[in-house]
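Take a look at the letters that make up each chain.
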Amino acid sequence: MPNQTYHISCALLIPVYNEEDAIPLFIERLDHLFSQCPDVALSMIFIDDGSTDKTLDALRNVQQSDTRIIVVELSRNFGKEAALTAGLAVCGEKYDVAVPIDVDLQDPPELIPEMIKKWREGFDIVLAQRVSRESDSFLKRFTAKYFYSIINHISSVKIPPNVGDYRLLDREAIRAINSLPESCRFMKGLFSYIGFKTATLPYVRPARSAGQSKFGFWKLWNFALDGITSFSTMPLRVWSYVGVLISIFSLLISIFFLLRTLLFGVDVPGYASLIVATTFLGGIQLLGIGVLGEYIGRIFLESKKRPVYFIRRVISSNTEKKRD
Ligand code: UDP
Ligand code: MG
């Protein structure tokens, strides 16, 4: 590394899960980029999220010759949100700014100097917003579009559309995130929740550099449910409105039948309408119970106060090496 006086310390937080092929490409690109930014002291905090391939070996390998690299090894796969939470905790308040970034180069690192420029202008958070999702699958584009529209209608915390975890956070923002105690951590929501002075930079999202996306349909679906239930009580409250409407409706119907019976006598029993009414109400009640269950499940999880992750060890080049 060149011998310079550094003006800003920047930590990249890079969650990795089975990314042995992507790591060398990532480091090569960053080396090239930051060799042109002598005013930035870079650290790379890799969070190995319980990889089962040679990711950890690859990281240890590059770490031998690169003192900027810190490796945080989680004890198993906890998911990207937990890995980022771990990264932010390890980062703490040691750096001027931190940037969560994917290792697959879908978050173009070339944006980081621009983010830092915005930070120097006085912004606390600089978001990277995708202007095109052409490299994403149809499923991802479709779900993303409706997800943002739904959550921003029903939640008081506004989540900017097409913004991932890729953003610059300054020390205070990191402190705020780290002070949130909840264990169901929907990071995009938490990042928005804390507020702060925010700027936005547009970018075009490229395709993955190597390997495959770790987010399939079910993971995305559960992720969206997590987001909505973490930041909105609307799905819980909407059932009381539906209940009121249905009660008014059934009251009107019973008045109608009462008057008809008084005026015209007993009619043939309506088997079909009874069946329709009971199944309809049964369905509505089950849906309502399902939504209640969603929240009760969360209360259950939160009440256990489980740590979001366990770190097995934090490895930096000046850490005592005990077992290897
Ligand atoms: N990732 C992780 N834990 C997981 C899944 C993913 O740390 O359980 C990491 C992954 O290695 C990558 C980042 O999160 O650096 C984004 O994952 P991916 O590229 O698969 O997501 P996509 O870009 O398809 O949304
Ligand atoms: Mg990706």
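Treat the numbers as computed from the prediction; the structure is a model and nothing was measured.

1. Some thoughts on the overall build of the chain
1) Next: Check the secondary structure of the chain and you find 10 helices and eight strands.
2) Next: Taken over C-alpha atoms, the radius of gyration comes to 26 Å for the chain, far larger than the 20 Å a tight globule of 324 residues would show.
3) Next: Considering only C-alpha atoms, the chain reaches an extent of 100 × 45 × 35 Å along its principal axes.
4) Next: Residues counted as buried form 43% of the 324 residues belonging to the chain.
5) Next: Restricting the contact set of the chain to residue pairs at least 6 apart, pairs at least 24 apart contribute 84%.
6) Next: When the accessible area of the chain is evaluated, it comes to approximately 17900 Å², of which 62% is carbon and sulfur surface.
7) Next: For the chain, the separation between the mean place of its 37 positive charges and that of its 34 negative charges on side chains is 5 Å.

2. A few points about the pattern of salt bridges
Pairing between side chains of opposite charge can happen when the charged atoms of each approach one another.
1) Next: Within the structure shown, the criterion is met by 16 salt bridges.
2) Next: For the salt bridge of E19 with R208, the shortest nitrogen-to-oxygen distance reads 2.9 Å. Here the residue E19 occupies a position in the loop between β1 (8–16) and α1 (22–34), and R208 occupies one in the loop between β7 (198–204) and α8 (217–231), the gap between them amounting to 189 residues.
3) Next: A single salt-bridge network, built from bridges that share partners, covers K80, D102, D107, D165 and R205.

3. Comments concerning the confidence of the model for the chain
1) Next: Summary statistics for the chain give a mean pLDDT of 86 and a share of 93% for residues scoring 70 or more.
2) Next: Within the chain, strand β8 (residues 311–315) has the poorest average pLDDT of any element, 76, and strand β4 (residues 97–100) the best, 97.
3) Next: The model gives residues 320–324 a pLDDT under 50, and that stretch makes four contacts with residues more than four places away or in other chains.

4. Quick notes on the site of ligand 1
1) Next: E19, D104, K140, S213 and K214 are the nearest of the 19 residues found near ligand 1.
2) Next: Notes on ligand 1: free accessible area 540 Å², of which the protein chains cover 95%.

5. Regarding the side chain of D102
1) Next: If you trace the backbone, D102 turns up in the loop between β4 and α4 (111–120).
2) Next: By relative accessible area, which is 15% here, D102 ends up buried.
3) Next: Leaving out residues up to four positions away in the same chain, D102 has contacts with I14, F26, K80, D107 and R205.

6. Considering the pairing of strand β6 (residues 163–170)
1) Next: Among the eight residues in β6, eight count as buried, and that is most of the element.
2) Next: One ladder, built from two bridges, connects β4 with β6; its direction is antiparallel. Bridging from a neighbouring strand, V97 pairs with D170 of β6.
3) Next: In this structure, strand β5 (residues 125–132) lies alongside β6, joined through four bridges in antiparallel fashion. Directly across from V126, in β6, lies its bridge partner L168.

7. Here we look at the environment of L111
1) Next: Along the polypeptide, L111 turns up in helix α4.
2) Next: A sequence separation of 42 residues divides L111 from H153, and the C-alpha atoms of the two residues are 30 Å apart.
3) Next: With residues up to four places along the chain from it excluded, the contact list for L111 reads A128, Y166, L201, P202 and Y203.

8. Focus on the packing of aromatic side chains
1) Next: Summed over all chains, the structure comprises 10 aromatic pairs.
2) Next: Judged by centre distance (6.1 Å) and plane angle (90°), the ring pair of Y166 and Y203 falls under edge-to-face. Here Y166, found in strand β6, pairs with Y203, found in strand β7; they are 37 residues apart in sequence, far enough to count as distant. An identical accessibility class is assigned to Y166 and Y203; each is buried.

9. So, helix α3 (residues 80–91)
1) Next: Between its first and last C-alpha atoms α3 spans 16 Å; for 12 residues at 1.5 Å apiece the expected length is 16 Å, and the two agree.
2) Next: Judged by how many residues are buried, α3 sits mostly within the fold: 10 of 12 residues are covered.
3) Next: Turning to α3, its buried residues are E81, A82, A83, L84, T85, A86, G87, L88, V90 and C91.
4) Next: Two residues or fewer past α3, G92 is found with a positive phi of approximately 50°.

10. Comments concerning the packing of helix α5 (residues 138–154) against α8
Relative orientation and spacing of two packed helices are given, respectively, by the angle between their axes and the distance between those axes.
1) Next: α8 packs onto α5 with a crossing angle of 10° between their chain directions and a minimal axis gap of 10 Å. When the interaxial angle is binned, α5 and α8 end up roughly parallel. Only F217, L220, A224, G227 and I228 of α8 make contact with α5, whose side of the interface consists of L139, K140, T143, F147, I150, I151 and I154.
2) Next: Of the residues in the contact of α5 with α8, the class split is nine nonpolar, two polar and one charged.

11. With respect to unusual backbone geometry
1) Next: Phi at L105 is positive, roughly 65°, even though this residue is not glycine.
2) Next: With respect to the element layout, L105 can be found in the loop between β4 and α4.

Calculation notes
- Residues numbered from 1 in each chain as written.
- Chains lettered and ligands numbered in written order.
- Predicted model: local features only at pLDDT ≥ 70, side-chain atom pairs only at ≥ 80, totals over all residues.
- Heavy atoms only, no water.
- Helix = DSSP H or I, 4+ residues; strand = E, 2+ residues; numbered from the N terminus.
- Rg over C-alpha atoms; globule rule 2.2 N^0.38 Å.
- Buried < 20%, exposed > 50% of the residue type's maximum accessible area, 1.4 Å probe, protein only.
- Contact = heavy atoms within 4.5 Å.
- Areas by Shrake-Rupley, 256 points an atom, 1.4 Å probe, with all protein chains shown as cover.
- Lys, Arg positive; Asp, Glu negative; His and termini not counted.
- Charge placed at Lys NZ, Arg CZ, Asp CG, Glu CD.
- Salt bridge = Lys/Arg side-chain N within 4 Å of Asp/Glu carboxyl O.
- pLDDT = per-residue confidence, 0-100.
- Near = heavy atom within 4 Å.
- Pairing = 2+ DSSP bridges.
- Phe/Tyr/Trp six-rings, centres within 6.5 Å; stacked < 30°, edge-to-face > 60°.
- Expected span 1.5 Å × (residues − 1).
- Axes fitted to C-alpha atoms, helices over the stretch in contact; angles between N-to-C directions.
- Parallel < 35°, antiparallel > 145°, perpendicular 65-115°, else oblique.
- Nonpolar A, V, L, I, M, F, W, Y, C, P; charged D, E, K, R; others polar.

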